Structure formats: C-alpha cells, structure tokens
Amino acid sequence: MSTDYQRAREELGRRLRELRIDSPGGRLTGTELAARLAWPQSKVSKLENGRQTPTDDDLRAWAEAVERPAVFPELRARLRGFESHIRSWRRQLAAGHAPVQETWNTLVGESRILHVWDNSVVNGMLQTADYARNLFERSAEFRRSARDVEEAVGSRMKRQEWLYRPGKRLNLLMHESVLWARVCPPEVLAAQLDRLQGVVGMETVRLGIVPLDAGLRLSRPNGFWILEERLVTVEDLHAELWLEDAETIALYRRAWDTVAESAVFGSDAQGVIARVRRGLDR
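Below is a short write-up of the structure. Being a predicted model, the structure only gives us computed values, none of them experimental. (Residues numbered from 1 in each chain as written. Predicted model: local features only at pLDDT ≥ 70, side-chain atom pairs only at ≥ 80, totals over all residues. Heavy atoms only, no water.)

## Structural notes on the packing of aromatic side chains
- Applying the stated rule across the entire model yields three aromatic pairs.
- Aromatic side chains W104 and W225 sit 4.7 Å apart centroid to centroid with 50 degrees between the ring planes, which places their arrangement in the tilted category. In this pair, W104 is assigned in helix α7 (residues 97-109) and W225 in strand β5 (residues 224-227), connecting sequence segments 121 residues apart. For the pair W104 and W225, one class covers both residues: buried.
- Taken together, a centroid distance of 5.0 Å and an interplanar angle of 70 degrees make the contact between F224 and Y252 edge-to-face. Note that F224 is positioned in strand β5 and Y252 in helix α12 (residues 246-260), a separation of 28 residues in sequence.
- Given a relative accessible area of 1%, F224 falls into the buried group.
- One cation-aromatic arrangement involves K43 over W39; the distance from NZ or CZ to the ring centre is 4.1 Å. (Phe/Tyr/Trp six-rings, centres within 6.5 Å; stacked < 30°, edge-to-face > 60°. Helix = DSSP H or I, 4+ residues; strand = E, 2+ residues; numbered from the N terminus. Buried < 20%, exposed > 50% of the residue type's maximum accessible area, 1.4 Å probe, protein only. Lys NZ or Arg CZ within 6 Å of the ring centre and 35° of its normal.)

## Comments concerning the nonpolar core
- Within the largest apolar cluster, 43 residues are counted, with the highest numbers of intra-cluster contacts made by L114, L170, M174, L179 and L207.
- Dropping the residues within four chain positions of it, L114 is found in contact with V108, M125, W162, R169, L170, N171, W225, I226 and L227.
- The next biggest cluster of nonpolar side chains, apart from the first, holds 19 residues, and it includes L28, L37, A65 and L79. (Core = buried A, V, L, I, M, F, W, Y, C linked by side-chain atoms within 4.5 Å. Contact = heavy atoms within 4.5 Å.)

## Some details on the pattern of salt bridges
- One pass over the structure, following the stated rule, counts 18 salt bridges.
- Its salt-bridge partner being R253, residue E229 comes within 2.8 Å of it at the nearest N-O pair. Highlighted residues: E229 in the loop between β5 and β6 (231-235) and R253 in helix α12, separated in sequence by 24 residues.
- Residue classification places R253 among the partly exposed positions, given a relative accessible area of 25%.
- When salt bridges with common partners are traced through the structure, they connect R15, E18, E74 and R78 into a single cluster. (Salt bridge = Lys/Arg side-chain N within 4 Å of Asp/Glu carboxyl O.)

## Observations regarding α7
- Taking 1.5 Å per residue, 13 residues should reach 18 Å; α7 reaches 18 Å between its end C-alpha atoms and fits that length.
- Within α7, the full set of buried residues consists of H97, A98, V100, Q101, W104, N105, L107 and V108. (Expected span 1.5 Å × (residues − 1).)

## Re helix α11 (residues 186-199)
- The end-to-end C-alpha distance of α11 is 20 Å, a good match for the 20 Å that 14 residues give at a rise of 1.5 Å each.
- Where α11 is concerned, the buried positions are V188, L189, A190, Q192, L193, L196 and V199.
- At its buried positions, α11 is contacted by α8 (129-143), β3 (169-175), α10 (176-180), β4 (205-210) and α13 (266-280).
- Within two residues after α11, G201 carries a phi angle of roughly 100 degrees, on the positive side.

## Some points on the side chain of Q92
- With respect to the helices and strands, Q92 occurs in helix α6 (residues 89-92).
- Contacts of Q92, omitting those with residues within four sequence positions, involve R87, V100 and E240.

This is how it looks when you write it as structure tokens:
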C-alpha cells in the first residue's frame, strides 16, 4: 500500500542517499557511513529506502557524519512535513466508501495490537452489518459521495475476521453516550448493543465503557486509533489525520491510558450496556 506519507519518507531517503554520495570528504559507501555512526548497516539501508522513519537525532547525526551539518534544518523540515498527513474525506471518498474500508483492512491486517477511543459511534470492529449500513448511508448522503453502501458494509465485516485470529488484541474504549446515540432505528441499535454484550470476555477484545457520570481526567478527545505504536489516525469532519512521529504517538497513547482510568470493564461494562439496552425497551 503506497500512501502520501510513505512517498514523502522515500523522498527523504533519497535525499539522505544523495548527501552520503556527495559527501565533501569523498563518496561514502553505506557500510562506511554505518561505521562512522556506529549503526548497523541495515539501518542506513532502511533509512535510504524509506523503510524506517528517522528521528531528529538520526538526521543530525547523518548530517554531521557526511560533513554537512548545515543541512540538518532542511532534513528536519522534510521530516515534519510528513509526520502529520491530512487525508481529506472529499478526496478519499471520491470513489465511495469501499476503497477507504479496504485501506483500513490493510492497516488493521498488518497490526497485532490496536488501542482505540470512540466517542461518537460504535467502533467499526464491533459493528453489526445493519448498524454499519445505516452509518454508510447517512455518510454518503451528507458527503454526497458515491453510493457503494453494500460493498462498504461487506468490506467492514471482512475486517472483523481479525478479531478471531490468535495473537490479536483490540483495546477499545467508548463513551456511554455512543450507546445511546440514535444513528439508526431502535431495533438496529438494540441488536448492536446485544453484539457488544457478546464480545465482552473475548480473548482478543478488551472493551471499556466510560459511564456518563464518570469523573474525567481528560476532556473527551476526537476518536482515534493507535496501530502497533507506529501510526495514529484521528478523525475530524473534514479529514483524517495520519500521524507517525514517535512523540505524537506517545501523546495519544498517554491520552488512551488516561481515558481508560475513567472506564469500566468486564461485568461492569456489561452492566452499563444492559442499562442502555433496557432503556430502549421503555
């Protein structure tokens, strides 16, 4: 899967290779540069081929090792340029929702551990087909995008196969207001709540619910995903942010852990879901 930020990382790699080859002290091989930096040669190769994201310290060390310390600000600016990438919904949904879902299937499929926070709708990894269908229909209408609802639903349901694979772990937090949100007919929401009741206790799922009356140490952030500590995605109305610098990923992981302190799990989470489910029958 090729993304804009991956292409930008490859461009940075090409710039690093250029600096190595054109070193004022004479052309350096990758092995020679690795020796100067006391790095494994594989790290030099990965950075030059866009298969690893450098840190600021990596870039500073590289600039000094190739005897071009003055280029460090340029390299750092290039890094900052792709650490945060905005993927507009208008562009992403030009061909409908299904291609976006397929991209997500790839991202999730490559991940072993997910940490997710949702405060608007039930997370897609646990949605029923009918619940997902209602969301896609409303989104296509609002965004005036191509209507490929059934294909999008099928793709999202396919992604849920991940939950039944050994070694996977979905750490999901949702605010209780998500359970009450009438984004679909009552009978569809009731079935969705039943689905949530059933996943509590699954080996691959740790579901936490933040009750309406819970004390909060952090005001409710927008929904976000942390994928394998390598990528964070944050959803907003106009776009999706893809963030991959280590400092930002650590910030979102800290946010997840902080929100989790207000959540209930296991039988307590089931109790919250059951209370909402009873409310639908009144």
